[in-house]
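# Observations on chain architecture
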Amino acid sequence: MPAQSPVWDPTTLPSDDNVNPYTFCVELKGGQWFLQKGKMIAYYGRIDFNGIGHGRMDRLLRTSFHSPLHAGDWVVAEGSGKMLLADRAFDVNSFDLDEGNLTIRSGNLLAYQPSLALKQSIVPGFLTLIGTGKFVAASNGPVVFMEPPIRVDPQALVGWADCPSPCHHYDHGYMTGVMGGLRALTGIGGASGEEHQFEFVGAGTVLLQSTEALLPETATGATPHQAGVPGGSGGAAAPGQHGSTPRLPGQLGDLTRRFGL
Amino acid sequence: MLAVDMTGDAVKAKNGSMVAYDGQMAFKKMSGGGEGIRGMVTRRLTGEQMIMMEVKGQGTCYFADRASEINLVNLHGDKLYVEASNLLCADAGLRTGTSFTGLRGGATGNGLFTTTLEGSGQAAIMSDGPAVLLRVTPQYPLAVDPGAYIAHQGNLQQNFQSGVTFRTFMGEGGGEAFQIRFEGDGVVYVQPSERNTIGGDA
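Reference entry: report on the structure contained in this document. It should be emphasised that the depicted structure is a prediction, and the values quoted were computed from it without experimental measurement.

Once that is clear, we can look at the overall build of chain A. When its secondary structure is counted, chain A shows 4 helices and 15 strands. Expressed as a percentage of its 261 residues, the buried residues of chain A come to 47%. Summed over its atoms, the accessible surface of chain A is roughly 12,700 Å², and 57% of this surface lies on carbon and sulfur atoms.

To continue, consider the overall build of chain B. Along chain B, the regular secondary structure elements total 3 helices and 11 strands. Reading chain B from its N end, one meets helices and strands in the order β-β-α-β-β-β-β-α-β-β-β-β-α-β. Looking at chain B residue by residue over its 202 residues, the buried ones come to 52%. Considering only contacts within chain B whose residues lie at least 6 apart along the sequence, 82% involve residues at least 24 apart. Counting only carbon and sulfur atoms, one obtains 51% of the accessible surface of chain B, whose full area is about 8,900 Å².

Let us look at the interface of chain A and chain B. Taken together, the contacts link 36 residues of chain A with 38 residues of chain B. In total, about 2,900 Å² of surface goes out of reach between chain A and chain B, with carbon and sulfur atoms giving 57% of it. Between the two partners, chain A and chain B, sit 0 salt bridges. Counting only elements with at least two residues in the side of chain A that touches chain B, the list comes to strand 1 (7–8), strand 2 (17–20), strand 3 (23–36), strand 4 (40–51) and strand 5 (74–85) of chain A. By residue class, the composition of the side of chain A that touches chain B is 20 nonpolar, 11 polar and 5 charged. In terms of strand pairing, strand 1 of chain A meets strand 8 (residues 132–136) of chain B through 2 bridges, oriented parallel. Residue V7(A) lies in a different strand from strand 8 of chain B, and its bridge partner there is L133(B).

Bringing the nonpolar core into the picture now. The biggest cluster of nonpolar side chains holds 22 residues, and the ones touching the most others in it are L84(A) and L134(B). Mapped by element, the contributors of at least two residues to this core are strand 4 of chain A together with strand 8, strand 9 (142–144), strand 10 (149–162) and strand 11 (178–190) of chain B. If sequence neighbours within four positions are ignored, L84(A) has contacts with L13(A), V19(A), T23(A), F24(A), C25(A), K39(A), M40(A), I41(A), A42(A), V132(B) and L134(B).

Overall, the coordinates contain 8 salt bridges over all chains when judged by the stated rule. Among the ionic pairs, R181(B) bridges to E183(B), the shortest N-O distance being 3.7 Å. Accessibility expressed as a relative area gives 15% for R181(B), which makes it buried. By relative accessible area, E183(B) is classed as partly exposed at 31%. Residues joined in a network through salt bridges with shared partners are K39(A), D87(A) and R88(A).

Our focus in this paragraph is the environment of D48(A). Residues and elements named next belong to chain A. Structurally, the position occupied by D48 is in strand 4. Take D48: its relative accessible area is 43%, and that puts it in the partly exposed class. Residues D48 and Q32, 16 residues apart in the sequence, show an inter-C-alpha distance of 9.7 Å. When sequence neighbours within four positions are dropped, the list of residues in contact with D48 reads V76, A77 and E78.

Residues and elements named next belong to chain A. Under the defined criterion, the tally for this structure stands at 9 aromatic pairs over all chains. With centroids separated by 5.6 Å and ring planes inclined at 55 degrees, the aromatic side chains of Y43 and F49 adopt a geometry described as tilted. With relative accessibility at 3%, the residue Y43 sits in the buried group. Between F95 and F135, the aromatic rings sit 5.3 Å apart at their centres with planes inclined by 25 degrees, giving stacked as the arrangement. Taken together, the residues F95 in strand 6 (residues 91–105) and F135 in strand 9 (residues 126–139) connect sequence positions 40 residues apart. The residues F95 and F135 share a single accessibility class, namely buried.

Attention now moves to the sheet that holds strand 11 (residues 150–152) of chain A. All names here are of chain A. Read across the open sheet, the 3 strands follow the order 11-14-13; overall the sheet is antiparallel. In this open sheet, the two edge strands, each paired with only one partner strand, are strand 11 and strand 13 (167–170). Geometrically, the sheet is characterised by an average inter-axis angle of 40 degrees between neighbouring strands, direction not taken into account. Alignment of strand 11 against strand 14 (residues 196–200), held across 3 bridges, turns out to be antiparallel.

Backbone geometry follows two general trends: most residues other than glycine have a negative phi, and most peptide bonds adopt the trans configuration. Residues and elements named next belong to chain A. In this model, P148 is joined to P149 through a cis peptide bond whose omega is 0 degrees. For R88, which is not glycine, the phi torsion reads 45 degrees and is therefore positive. Take R88: it is sitting in the loop between strand 5 and strand 6.

For N155(B), the position within the fold is in strand 10. When the C-alpha atoms of N155(B) and E183(B) are compared, they prove to be 8.6 Å apart, with 28 residues separating the residues in sequence.

Now for the pairing of strand 5 (residues 87–91) of chain B. Residue and element names in this part refer to chain B. Most of strand 5 sits out of view: 4 of its 5 residues are buried. With 3 bridges joining them, strand 1 (residues 2–14) and strand 5 adopt antiparallel strand pairing. Across the sheet, A13 pairs through a bridge with C89, a residue of strand 5.

Calculation criteria
- All chains use their own residue numbering, which begins from 1 and follows the written sequence.
- Note on labels: chains are lettered from A, ligands numbered from 1, in written order.
- This being a predicted model, a pLDDT of at least 70 is required before a residue's local features are given, and a value of 80 or more before pairs of side-chain atoms are given or counted; all residues contribute to the totals for chains, interfaces and linings.
- Only hydrogens and water are set aside; all other atoms, that is, all heavy atoms of the structure, feed into the side-chain values.
- Secondary structure elements follow DSSP: runs of H or I of four or more residues count as helices, runs of E of two or more count as strands, with numbering from the N terminus.
- We call a residue buried when its accessible area falls under 20% of the maximum for its residue type, exposed when it is over 50%, and partly exposed in between, using a 1.4 Å probe and counting protein chains only.
- Accessible areas in this description were obtained via Shrake-Rupley with a 1.4 Å probe; residue shielding takes into account the shown protein chains only.
- Note on contacts: a residue pair qualifies if any of its non-hydrogen atoms lie within 4.5 Å across the two residues.
- The term buried area denotes the loss of accessible surface (1.4 Å probe radius) that occurs when two parts are joined, taken as the sum for both partners.
- Whenever Lys or Arg places a side-chain nitrogen within 4 Å of a carboxyl oxygen from Asp or Glu, that contact is recorded as a salt bridge.
- Lys, Arg, Asp and Glu make up the charged group, whereas Ala, Val, Leu, Ile, Met, Phe, Trp, Tyr, Cys and Pro make up the nonpolar group; the residues left over, Gly among them, are polar.
- Strand pairing is defined by DSSP finding a minimum of two bridges between the two strands.
- The term nonpolar core refers to a set of buried residues drawn from Ala, Val, Leu, Ile, Met, Phe, Trp, Tyr and Cys, joined through side-chain atoms within 4.5 Å.
- Planes of paired rings set the category: under 30 degrees apart is stacked, over 60 is edge-to-face and the rest tilted, where pairs are Phe, Tyr or Trp rings (Trp by its six-membered ring) whose centres lie within 6.5 Å.
- Angles shown run from 0 to 180 degrees and are taken between the N-to-C directions of axes, each axis being a line fitted to C-alpha atoms and, for helices, limited to the stretch in contact.

Quick look at the structure:
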């Protein structure tokens, strides 16, 4: 039988630390924290939650919130007291950034101090935090830190810090030629399911979660519809199509390239 | 998973939650949660449905439900308030009943009533992720998100607190528009996860 768990009160709750692997306690002393909507589970003291479209928050937004397009998903907690954060019983962890930068999958970021600036990453679906401060992230299973050079499975990637080279890597033995194409498409002849990875080189840290189950993504906001902006191509080339030549009926498209034709 | 050792005594458990046992066990469905005709009528009227069975015998019985976390609560003559869906198992000596929760229920989507357990003994409650136990004293009132609340114990008053302003209706709400505020003396159980609630997105 499990032992009786401890009973917490405001004096024994940790300050800006984990209560258990799934719950994080933030201490507010008149300060502010940004958090994703609906992740607060309980609090002691006097804390106000304001949507960040709020006029009074305008100055704060200008310095630490740079993606007005998904402002609706974030709230500012303000006041004094202790606040518990949790996300669907996933593991939560806090990380410190010191004059650094970190890019994280949008669904994994839970809360951050306003001394950090949140920006949309150029990589669609990711957010970048820049500056000095603490943030809280959720992951499915504990987070593992790895040093580049490393290739990681796309589903296990949580984020990366200080390394500017996230790129795709394909296992060419498996991906080229007629046989390789057939293998990858049908699984006949043995597909490992690991023909495609993300590759990181250079100095920095890569954060991985210990399962390949993704957390549902939250909106990062649309990017401006401009040429040269990834994910913001607004009606120009559809993904997978090179150039703006429309695909003709009867053309095999990607298949031809895949089979090496 | 919860293991209960029994020597001829009985426990009440959520119907169908037995996963294994050794020894001799008898399972008996308790109509109306074993609260008699009056209890049956009350539960039907309040919608706080609770289907329980009585397990009696010699040996060890194992209970589990959807791999959720199990928290044991010791009761010494005091009262535990728990949502019927979060109650897994209780000593047969504990009296169960229903009580009115006030406005809170409307926002949690759990109905306006909750289940109470009274007496001395142990109860097992379920949560999505291990529950965090938070003490409430007169100096330290506590606000809880209705979706994360699972149970409370002791002499507590609960108030429904709403932060709904005109901004909520303009789609710029704080995301935490409804809270249950606990005042008094006691312990509140919160889970590190939120059920879907009507007020959840406001």
